[in-house]
Amino acid sequence: MDLIHPQLAAFAAVLEEGSFEAAARRLSVTPSAVSQRIKVLEDRLGQVLVARQAPCRPTPAGERLLRRVRPMLALEAEALADFLPEGSTDASARTIAIAVNDDSLETWFVAALARLHRQHGYLFDVRVDDQDHTLDLLRDGSVLGAVTAEAKPLQGCNVHALGTMRYRAIASPEFAARYFSGGVDAAALAHAPMIVFNRKDALQWRFVRRITRARLAPPVHYLPTATGFVDAAARGLGWCLAPESLIEPALHAKRIVIVDPSRWLDVPLYWQYAAVRSSTLQKISQLMREAAASALRT
């Protein structure tokens, strides 16, 4: 049962599921009914809201509307829950979209999701991006909340500090002896192969500029996996930055070394979410902060 207007429900479903057909299955209607609802909504607003592609994406006007509709869906689920038998979690089963960086996902974040599901029955749609870019997903309405490196709240959002993730520069002992025997300086960093998560990942470049004050062009491997970073470094693929909590086992086993123990990179993380009076978002925010506090530096 939906409390919000069927046209808005269809609009949100298409963008969450990625197609008119998948939205129709979720809403138990035909794809043509979904298409008609979207068309009527677009006619009412005088704007194209959905880019008909694979997957469907919101237009700029659709992003503005989606930012308003997503919090409404969370409030709708809470309103329905008030009329369900005690102990029922049916209304809580609406999927909650959250954005997070991969390093948090691989360390403390899943513990928070597990507690939330166990205690409240929430389901999650987790979107992964670099911590410098997760806020874009909150800005365009794709998610209700995001773990981000940005402290300044978006308009219409609340923000809480989670803590600081400390990154260390690591490599295999053989790699470090080959490239950094004379120290970690501009000459060494210009020639040592570097492992980068993807082309959005600026951590390694920030570390290099902090040390050298120069823009170098070292050889680069792109490897989009947080846990794979440590193994790749241990196998001599290159050097990289990795969270302290992920490197401890390999460090203890002497598969890797910290190439410069006197330097590190600290990245403060924040939880930003839609500023609506939602008990769901309050519970999520509370457990996010508790889980982060056990893994991040204060």
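Predicted, not measured: the structure shown is a model, and the values here were computed from it.

Thresholds, definitions, all that
Residues numbered from 1 in each chain as written. Predicted model: local features only at pLDDT ≥ 70, side-chain atom pairs only at ≥ 80, totals over all residues. Heavy atoms only, no water. Helix = DSSP H or I, 4+ residues; strand = E, 2+ residues; numbered from the N terminus. Contact = heavy atoms within 4.5 Å. Expected span 1.5 Å × (residues − 1). Buried < 20%, exposed > 50% of the residue type's maximum accessible area, 1.4 Å probe, protein only. Pairing = 2+ DSSP bridges. Salt bridge = Lys/Arg side-chain N within 4 Å of Asp/Glu carboxyl O. Core = buried A, V, L, I, M, F, W, Y, C linked by side-chain atoms within 4.5 Å.

Colleague: How should I be thinking about the environment of Ala12 in this particular structure?
Modeller: You can see Ala12 is positioned in helix 1 (residues 6-17). Placed 46 residues apart in sequence, Ala12 and Pro58 show a C-alpha to C-alpha distance of 9.7 Å. In contact with Ala12, other than residues within four places in its own chain, are Val69 and Leu73.

Colleague: Could you clarify how one ought to interpret helix 1 in this entry?
Modeller: Residue pairs three or four apart in sequence face the same way in an α-helix, which turns once every 3.6 residues. Under the 1.5 Å per step criterion, the end-to-end length of helix 1 is 16 Å for 12 residues, consistent within 8% with the ideal 16 Å. Of all 12 residues in helix 1, 10 are buried, a share of seventy percent or more. All of the buried residues along helix 1 are Gln7, Leu8, Ala9, Ala10, Phe11, Ala12, Ala13, Val14, Leu15 and Glu16. At its buried positions, helix 1 is contacted by helix 2 (20-27), helix 3 (31-45), strand 1 (50-51), strand 2 (57-58) and helix 4 (60-81). Gly18 occupies a position one or two residues after helix 1 and carries a positive phi of about 95°.

Colleague: Looking at this structure, I do not really get the environment of Gly156. What am I missing?
Modeller: If you trace the backbone, Gly156 turns up in the loop between strand 5 (145-148) and strand 6 (157-171). Each C-alpha atom of the pair Gly156 and Ala274 lies 6.2 Å from the other, and the pair is 118 residues apart in sequence.

Colleague: Would you take a moment to explain the pairing of strand 9 (residues 240-243) for this structure?
Modeller: Side chains Cys240 and Ala242 of strand 9 all project onto a buried face; the interleaved residues Leu241 and Pro243 project onto the opposite face, where all are buried too. Bridge count between strand 6 and strand 9: four bridges; the pairing is antiparallel. Note on strand 9: the bridge partner recorded for Tyr167 is Pro243.

Colleague: Is there a simple way to think about the pattern of salt bridges in this case?
Modeller: Side chains that differ in sign of charge can pair as their charged atoms come close. The tally for this structure, following the rule as stated, stands at 16 salt bridges. Here Arg57 ties to Asp140 by a salt bridge, and the two come within 3.7 Å at their closest N and O atoms. Here the residue Arg57 occupies a position in strand 2, and Asp140 occupies one in the loop between helix 6 (134-139) and strand 5, the gap between them amounting to 83 residues. Here Arg57 falls in the partly exposed class, since its relative accessible area comes to 33%. On the accessibility criterion, Asp140 (9% relative accessible area) is buried. Asp129 is paired through a salt bridge with Lys200; the nearest N and O atoms lie 2.9 Å apart. One end of the pair, Asp129, is in the loop between strand 4 (123-128) and helix 6; the other, Lys200, is in the loop between strand 7 (194-196) and helix 9 (203-212), with 71 residues separating them in the sequence. For Asp129, a relative accessible area of 15% corresponds to the buried category. Look at Lys200 and you get partly exposed, because its relative accessible area is 39%. Three or more residues joined by partner-sharing salt bridges are found here, namely Glu16, Glu17, Arg26 and Arg70.

Colleague: Explanation requested: unusual backbone geometry in the structure shown.
Modeller: A negative phi angle characterises most non-glycine residues, just as the trans form characterises most peptide bonds. Put simply, Ala54 and Pro55 share a cis peptide bond, and its omega is -5°. For Pro55, the position within the fold is in the loop between strand 1 and strand 2. Its identity as a non-glycine residue notwithstanding, Arg213 has a phi of 60°, on the positive side. Structurally, Arg213 can be placed in the loop between helix 9 and strand 8 (220-222). One non-glycine residue, Lys254, lies in the positive phi region at around 65°. With respect to the helices and strands, the residue Lys254 is situated in the loop between helix 11 (244-252) and strand 10 (257-258).

Colleague: Where do I start with the nonpolar core in this structure?
Modeller: One broad rule of soluble globular proteins: the nonpolar side chains tend to lie buried together. Core analysis: the biggest nonpolar cluster contains 46 residues, and Trp108, Leu162, Phe180, Trp239 and Met288 have the highest contact counts within it. Non-local contacts of Leu162, meaning those with residues more than four positions away in its chain, are made with Trp108, Val147, Leu269, Tyr270, Trp271, Met288, Arg289, Ala292, Ala293 and Leu296. Core analysis: the second largest hydrophobic core is formed by 24 residues, Ile4, Ala10, Cys56 and Leu73 among them.

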